[in-house]
Amino acid sequence: MKLNIMIVGVGGQGSLLASKLLGRLLINEGKDVKVSEVHGMSQRGGSVVTYVRSGEKVYSPIIDKGEADFIVSFEKLEAARYVDYLKPNGKIIVNSQEIDPMPVICGTCEYPKSILDELSAKGVDIDCIDALSPAIEAGSAKAVNIVLMGKLSNYLSIEKEKWLEAIEQSVAPKFVEMNKKAFEFGRAYK
Amino acid sequence: MKKLMLGNEAVARGLLEAGCSVVSSYPGTPSTEITEYAAKYDEIYCEWAPNEKVACEVAFGASLAGARSACCMKHVGLNVAADPLFTMSYTGVNGGLVICVADDPGMHSSQNEQDSRHYAIASKIPMLEPADSQEAKDFTKTAFELSEQFDTPVLLRMCTRIAHSQCSVEMLEPAKAVKKEYVKNPQKFIMAPANAIRRHPVVEKRTADLIAFAETSPLNRIEEGTDKSLGIITSGTCYDYVKEVFGDTVSVFKLGLVNPLPVEKIKTFAASVERVVVIEELDPVIETHCKALGIKVDGKNIFSICGEFSQKIIADAFGIKTNSFTENSAPIPVRPPVMCAGCPHRGLFYVLSKNKYTVLGDIGCYTLGSAAPLNAIDSVLCMGASVSGLHGFNKANQTENKTVCVIGDSTFMHSGMTGLANIAYNGTNSTVIIVDNSITGMTGHQQNPTTGYNIKGDPATKIDLEALCKALGINRVRVVDPYDLKETEKVIKEETAVSEPSVIISRRPCALLKSVKAKPALIIDPDKCRSCKACMRIGCPAISMKNSKAVIDSTLCVGCGVCEQLCAFSAIGGTK
């Protein structure tokens, strides 16, 4: 079965590690996998998108509008920005953090605070969690990415041990325990 | 053994497996990682050259000496390397020579959307185009074989989606680098008219041979479908989108060798289906070829010349139904890339913007000085154009003294030096500002001739920018710290006022360099803050307004102190 996961966020939030983890996990499952990243300009605080696709055979490296089974967003506004990529009956997992983009900082527009509520009202399945607090509790604010992966793991039929194994293979040895803890916090998040 | 690899990493692996032993490149998104990955292999000598022309000529020299060699660049880099490229086509090679060029359809991080296939056609050099990481590796190796078999440099065309997508790659044992003997051969390698006249027919014969090769090579593959009403001719990433939409239903002619194109094989394919559609990003290169053969095809009449494609764009063009989706009803504020908190360029652009200078900009992180709220840049064209352009601007506009140019350290070494020599030689009162952040920033921190380190991070000769500018005929060369706004402003005013050319080196290492230690984050005293927003004029991502008071995000702030200098109420200061 094909699986399309989009990871979106703000440059510097750690989406590349999350996509690396997912890629490793799905390869370990014996799937054909493509992971498409964005480099260059968008690393500098811009909007960042990564596509992770798996299946028996994956051709296109990208996910298009209406195709994502899951959108994992590191920031609220970014979840809304890419909502049109979500499949009918797809799910958005979003970190409740708000990071002002430059037009908001400059005062030319307001941060649309109620944007996710408006999307929920339209029937979009949104799971909004505070991933920052558990990340800090696990040992680093940077572990937001792995907390979100923990949350995502509840919706994929892949055993927990496989996720932990993929974490071991994806992060530097000294960060493995911290990231495993972050993963558990995310997985248990209610 | 299989490994998930970026297309660029796969090319590097291909270089290793092919026994390539010399790689010279200039960084440029989306090509940069090829050379970075190759540099991790001890078997390959790798370097960052000052520009693509130099890199291409280094690769040529290594090939001449008998080694398999390569150079890598982004599409606009091939413009810089075009001079050696066209004549290397005439000389041919000794050791195999591969030029990797990465196009950027959709302009994710480029100043134009040029299609490198035109260079292959114009220079009469064969070009391969992979459609995934496995092919990126395989085609790199094939490129070396073709290079030696047909005595020609070979172009390997990547694009953003192939370069920056990971997929599974089967790794093989590296070949041992074999160096061919160097034998002096002036008729082949000295391209003076008498020899070049004899080489041109050799090139034409080679193209004819390559076309014959293209007719039967498995690089050009026909995948027969069950449905004969439609046949699609495509290559590279478009092949992936086509297969995503159609699977195995329609017939697909996948081209791996995109120059020269086969003739008979295309005719045969076209005859086997009712309708032929060419699907290619950017220019109608394959389409034009088909039409010249008298084959009726659809192409750019249904697909755009501009931008990237996707599976949905292709499905829509054929009226194939795709999933519905929910759209936002309210507009979402854009989130453009910004200069990082603590970026040394910020202070300089603030001063230029405040004093309403006309600024000719260049290619690098500092191009972001053009964005709001600084809006400090008037033009950006190509690598080095700010310096030469400033001279022209000032020749046309001699009365005014409020125009400067801004160019980075790496870009200055790439193409700014010659423009500066012109300023000195042909005399304008131009003020050139070199923003020296001790690294090639935009492409992700590569070393360059002014940093004192090579691609491996080992110490290397450090070119002294002050001495270089003086040697190029500029007597007035001054250095400022862009974190010091007053001093920066004073020096710019002084240098633009003098009646001779000058260089200001705005020097401060990139705040993201590991060697740069951040100072403690600053804080804003809410009791002193008068909400005047003066600190927000510099567009620092760490500063925002919360409950009508400016606040600093302590996770982003590196304590550069630029905002502190703007606060008239001394509200900004060190941590308590």
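Quick notes on the rules
- Residues numbered from 1 in each chain as written.
- Chains lettered and ligands numbered in written order.
- Predicted model: local features only at pLDDT ≥ 70, side-chain atom pairs only at ≥ 80, totals over all residues.
- Heavy atoms only, no water.
- Axes fitted to C-alpha atoms, helices over the stretch in contact; angles between N-to-C directions.
- Helix = DSSP H or I, 4+ residues; strand = E, 2+ residues; numbered from the N terminus.
- Left-handed = near helix turned anticlockwise from the far one by under 90°.
- Contact = heavy atoms within 4.5 Å.
- Nonpolar A, V, L, I, M, F, W, Y, C, P; charged D, E, K, R; others polar.
- Domains from an automatic or database assignment.
- Pairing = 2+ DSSP bridges.
- Parallel < 35°, antiparallel > 145°, perpendicular 65-115°, else oblique.

Let's shift gears to the packing of helix α1 (residues 7-17) of chain B against helix α7 (residues 133-150) of chain B. A pair of packed helices is captured by two measures, namely the crossing angle of their axes and the spacing between those axes. Residues and elements named next belong to chain B. Viewed as axis vectors pointing N to C, α1 and α7 meet at an angle of 35 degrees, and their least axial separation amounts to 7 Å. Crossing geometry of α1 relative to α7 is assigned as right-handed. Residues G7, A10, V11, R13, G14, L15 and E17 of α1 form the contact with α7, whose participating residues are S133, A136, K137, T140, K141 and F144. Broken down by class, the residue content of the contact of α1 with α7 amounts to five nonpolar, four polar and four charged.

Domain annotation of chain B identifies domain 1 (2-216), domain 2 (221-317), domain 3 (345-507) and domain 4 (523-573). Its C-alpha centre places domain 1 of chain B at a distance of 50 Å from the equivalent point of domain 4 of chain B.

Spatially, β6(A)-β5(A)-β4(A)-β1(A)-β3(A)-β2(A)-β8(B)-β1(B) is the arrangement adopted by the eight strands of the open sheet, whose pairing is mixed. Single-partner strands in this sheet number two, and they are β6 (125-129) of chain A together with β1 (2-6) of chain B. Recorded for the sheet is a direction-independent mean angle of 20 degrees between the axes of neighbouring strands. As judged from the five bridges shared by β1 of chain B and strand β8 (residues 165-170) of chain B, these two strands associate in the antiparallel manner.

So, on to the packing of helix α3 (residues 52-65) of chain B against helix α5 (residues 82-91) of chain B. Residue and element names in this part refer to chain B. It is the contact of α3 with α5, at a shortest axis distance of 9 Å, that shows an interaxial angle of 20 degrees. As far as their axial angle goes, α5 and α3 are roughly parallel. Here α3 and α5 pass one another in a crossing that is left-handed. Only D83, P84, M88 and T91 of α5 make contact with α3, whose side of the interface consists of K53, C56, E57 and F60.

With that settled, consider the sheet that holds strand β19 (residues 502-507) of chain B. Residues and elements named next belong to chain B. Ordered by their spatial adjacency, five strands build an open sheet running β15-β16-β17-β19-β18, and the pairing between neighbours is parallel. Of all the strands in the sheet, the pair left with one neighbour each is β15 (358-360) and β18 (476-480). For this sheet the average axis-to-axis angle between neighbouring strands, irrespective of direction, equals 25 degrees. Sheet analysis places β18 next to β19, joined by five bridges and oriented parallel. Among the inter-strand pairings, V477 is bridged to a residue of β19, identified as V503. Where helix α16 (residues 385-396) meets the sheet, it contacts β15, β16 (403-408) and β17 (431-436), and its direction lies at approximately 170 degrees from that of β16. Strands in contact with helix α17 (residues 409-426) are β16, β17 and β19; relative to β16, the strand with the most contacts, it is inclined by about 140 degrees.

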